[in-house]
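The lines below spell out each chain.
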Amino acid sequence: MESNSNGETNEKRPHRCKCAGVRYLFVVAGFLGMCLVFALRVNMSIAILGMLNSTAVGILTGSENLTNEPMCALMNPPIHSSKLKMVEIKNGTFIWTPKMQGVIIGSFYYGYVTTQVPGARLAEIYSGKWIFGLGIGISALLSLIIPVAAEFHTTFLIIVRALQGVAQGVTFPAIYNLLGRWTAEEEKTLVEAVVISGINIGTVAGMPLAAKLTNSEFFGGWPSAFYIIGERFIL
């Protein structure tokens, strides 16, 4: 308490932080969360190309370097090409039929559809922030297990991907629960647009990132697509 020249007392008010409000932090966290959720979702679609043991047809032009050309080049080979050879390129160690590839990629959605309604109810009971966070965290941990599961047996890979879908199935109901609770009426349209745009950003950024990691030597190539993106979630 302090007195001024007129003898009146002035009460000191606590200093208020001028940082952004909690709602704005929620928008950023929600946006990043949706980005990471969809980056984890699409990485298998890219990494599986590096996991497969596939063959390709190329044109060998007087050297041991394989040049990937369109199929039309086989019908109209370049003049300088002296011969064509069938060359087998081993991109990975797994031999999966197209049907099995579809099962592996689709197994995520088998689990995903099972927790949509339960996820909404859990968000109402226990708060959307906990359900959203747990869904992301469990999905990230399972991403780290995928390379080990794939090496062990295809069935375990399918199970892990399905469980990853179960974990991510609660994230959408949870984020909409949070949007309804944490957003002012006049801001709902803008906030929802920003948060949900994380779906597109995560997909657009996640696919080339997974491709880059799959084509690298880091952690053996394709496993790094699951290790690096999963580790980003945990951090």
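Residues numbered from 1 in each chain as written. Predicted model: local features only at pLDDT ≥ 70, side-chain atom pairs only at ≥ 80, totals over all residues. Heavy atoms only, no water.

- The name given to the protein chain in an unreviewed UniProt entry is Inorganic phosphate cotransporter, with the source organism recorded as Araneus ventricosus.
- Looking at the Subcellular location (unreviewed entry) heading of the UniProt record, one finds this comment for the protein chain: "Membrane". (UniProt positions renumbered as here; feature names shortened; annotations may be inferred.)

1. Overview of helix α7 (residues 171-182)
Point 1. When the terminal C-alpha atoms of α7 are compared, their 16 Å separation across twelve residues agrees well with the 16 Å that a helix rising 1.5 Å per residue should span.
Point 2. Inspection of α7 places Thr171, Phe172, Pro173, Ala174, Ile175, Asn177, Leu178 and Leu179 among the buried residues, and these make up the whole buried set.
Point 3. Looking at the buried residues of α7, the elements they touch are α1 (22-51), α3 (98-112), α4 (116-126), α5 (128-152), α6 (154-168) and α8 (188-214). (Helix = DSSP H or I, 4+ residues; strand = E, 2+ residues; numbered from the N terminus. Expected span 1.5 Å × (residues − 1). Buried < 20%, exposed > 50% of the residue type's maximum accessible area, 1.4 Å probe, protein only. Contact = heavy atoms within 4.5 Å.)

2. What about the pattern of salt bridges?
Point 1. Within the structure shown, the criterion is met by two salt bridges.
Point 2. Across the pair Glu185 and Lys188 runs a salt bridge, and its minimum N-O distance is 3.6 Å.
Point 3. Here Lys188 falls in the partly exposed class, since its relative accessible area comes to 29%. (Salt bridge = Lys/Arg side-chain N within 4 Å of Asp/Glu carboxyl O.)

3. Considerations on the packing of aromatic side chains
Point 1. Under the defined criterion, the tally for this structure stands at ten aromatic pairs.
Point 2. Each ring, one from Phe38 and one from Phe172, has its centre 6.3 Å from the other, and the planes form 80 degrees; the classification is edge-to-face. On the criterion of sequence distance, the pair formed by Phe38 in helix α1 and Phe172 in helix α7 is long-range, its members being 134 residues apart. Like Phe38, the residue Phe172 is buried in the burial classification.
Point 3. Three or more aromatic residues link up through ring pairs in this structure, and these residues are Phe94, Trp96, Trp222 and Phe226.
Point 4. Of note, Arg41 hangs over the ring of Phe38, and the distance from its end group to the ring centre comes to 4.1 Å.
Point 5. The side chain of Arg41 reaches across the aromatic face of Tyr112, ending 4.5 Å from its centre. (Phe/Tyr/Trp six-rings, centres within 6.5 Å; stacked < 30°, edge-to-face > 60°. Lys NZ or Arg CZ within 6 Å of the ring centre and 35° of its normal.)

4. Here we look at the UniProt feature "transmembrane region" (unreviewed entry) in the protein chain
Point 1. As recorded in UniProt, the feature "transmembrane region" (unreviewed entry) lies at residues 21-40, 130-150, 156-178 and 190-211.
Point 2. Its end C-alpha atoms 32 Å apart, residues 190-211 is made of 100% helix and 0% strand.

5. Section: a nonpolar patch on the surface
Point 1. Taken together, the side chains of Phe152, Phe156, Ile159, Leu163 and Val166 make up a nonpolar region of the molecular surface, amounting to roughly 470 Å² of accessible area.
Point 2. The element contributing the most residues to the nonpolar patch is α6, with four residues.
Point 3. Among the structural elements, Val166 can be located in helix α6. (Patch = residues over 30% accessible without salt bridge, like charges linked within 9 Å, V, L, I, M, F, W, Y side chains within 5 Å. Areas by Shrake-Rupley, 256 points an atom, 1.4 Å probe, with all protein chains shown as cover.)

6. Description of the nonpolar core
Point 1. Ranked by size, the top nonpolar core spans 21 residues in total, and within it Phe26, Met34, Phe132, Ile175 and Val195 carry the most contacts.
Point 2. Where this core is concerned, the elements lending two or more residues are α1, α3, α5, α7 and α8.
Point 3. Excluding residues within four positions of it along the chain, Phe132 makes contact with Gly33, Met34, Thr171, Ala174, Ile175 and Leu178.
Point 4. Membership of the second largest hydrophobic core comes to 20 residues, among which are Met44, Phe94, Ile104 and Leu142. (Core = buried A, V, L, I, M, F, W, Y, C linked by side-chain atoms within 4.5 Å.)

7. What to know about the environment of Gly230
Point 1. Mapped onto the elements of the fold, Gly230 is located in helix α9 (residues 222-234).
Point 2. Along the chain, Gly230 and Ile138 lie 92 residues apart, while their C-alpha atoms are 9.8 Å from each other.
Point 3. Those residues in contact with Gly230 that sit more than four places away from it in its chain are Leu40, Ala140, Ser143 and Leu144.

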